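Spelled out from the first residue to the last, the chains are:
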Amino acid sequence: MKVIIRDNGKEASLWVAHRIADAINAKAKVSDKPFVIGFCTGSTPLDTYAELIRMVKAGEVSFKNVISFNMDEYVGIPVDHPESYHSFMYHNLFDHIDEPKENIHILDGNAPDLAAECESYERKIVEAGGFDLFFGGIGEDGHIAFNEPFSSLQSRTRVVTLTEDTLRVNSRFFGNDMNKVPKQAMSVGVATVLSAKEVVILALGPKKARAIKESIEGPMSHMVTVSALQNHPDGIIVLDDDAAGELKVNSYRYFKAVEAAEAR
């Protein structure tokens, strides 16, 4: 696992945006096959998406040969609901870049057969060639996507029931009313994420510090599902100083020293 630490959230977000753009451009130089990426939602990726939009408009990267799969969606929420992840992604990214609409994949939380929708989603990822890069965030309890604590580390895309902690955190998007937050969601599994050639996790702010400590310094555990990244050959966690606040001093110094050495 590689850990990148930046002074603030803006710098960390820009690092991720440029890592994504570099990966897209690198594949385009050697192959005409599409670049397959996983995307996340929430407040964490907003600055990263804003920078990707800027880069597309500046001609620094193109999504014309990119296929994307979003990590999750609420069950039973209308697609055009302002808090659906369909709405989020189009408003904050897809409406502003050149990715063809037919290349955009988001789980259908209103599908007549949710299990079949999840199975189909997994097949489509495989048929696209598998993830070149998966970009995700981390929950305050250390979950990735909606793989709540005690989710199997071998899990695949499925319907999940959201914990009270997640409902409480996400209620900020629903007028701070937990009763308005859908109780179920569809989510890629931990194994789905780990199937990517590269996984980049962005964590910002002091509320993520405990989860980051457990994910990096603790054992790999289904209690903290993002800790499974410890077993990935090309996993990267990108932090701001606040999110790194509970790491041991020696851990912090080690990761900074490794990055400095690689930059030489």
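Residues numbered from 1 in each chain as written. Predicted model: local features only at pLDDT ≥ 70, side-chain atom pairs only at ≥ 80, totals over all residues. Heavy atoms only, no water.

**Structural notes on the sheet that holds strand 4 (residues 72-74)**
Read from one edge to the other, the open sheet built from 3 strands follows the order 4-8-7, with strand pairing classed as antiparallel. Strands with a single pairing partner mark the edges of an open sheet, and in this sheet they are strand 4 and strand 7 (158-161). Averaged over all neighbouring strand pairs, the angle between strand axes comes to 30°, with direction disregarded. In the sheet, strand 4 pairs with strand 8 (residues 184-187) via 3 bridges, with the strands oriented antiparallel. By the bridge assignment, Glu-73 is partnered in strand 8 with Met-186. (Pairing = 2+ DSSP bridges. Helix = DSSP H or I, 4+ residues; strand = E, 2+ residues; numbered from the N terminus. Axes fitted to C-alpha atoms, helices over the stretch in contact; angles between N-to-C directions.)

**A word on the pattern of salt bridges**
Applying the stated criterion across every chain yields a total of 13 salt bridges. Each member of the salt-bridge network shares a partner with another, and the members are Lys-27, Asp-132 and Lys-197. (Salt bridge = Lys/Arg side-chain N within 4 Å of Asp/Glu carboxyl O.)

**Some thoughts on the packing of helix 2 (residues 46-57) against helix 3 (residues 85-92)**
Contact pair helix 2 / helix 3: the axes reach a minimum separation of 10 Å and the direction vectors enclose 45°. In terms of orientation, helix 2 and helix 3 fall into the oblique class. Contacts between helix 2 and helix 3 pair Leu-46, Tyr-49 and Ile-53 from the former with Phe-88, Met-89 and Asn-92 from the latter. Partitioning the contact of helix 2 with helix 3 into residue classes produces 5 nonpolar, 1 polar and no charged. (Parallel < 35°, antiparallel > 145°, perpendicular 65-115°, else oblique. Contact = heavy atoms within 4.5 Å. Nonpolar A, V, L, I, M, F, W, Y, C, P; charged D, E, K, R; others polar.)

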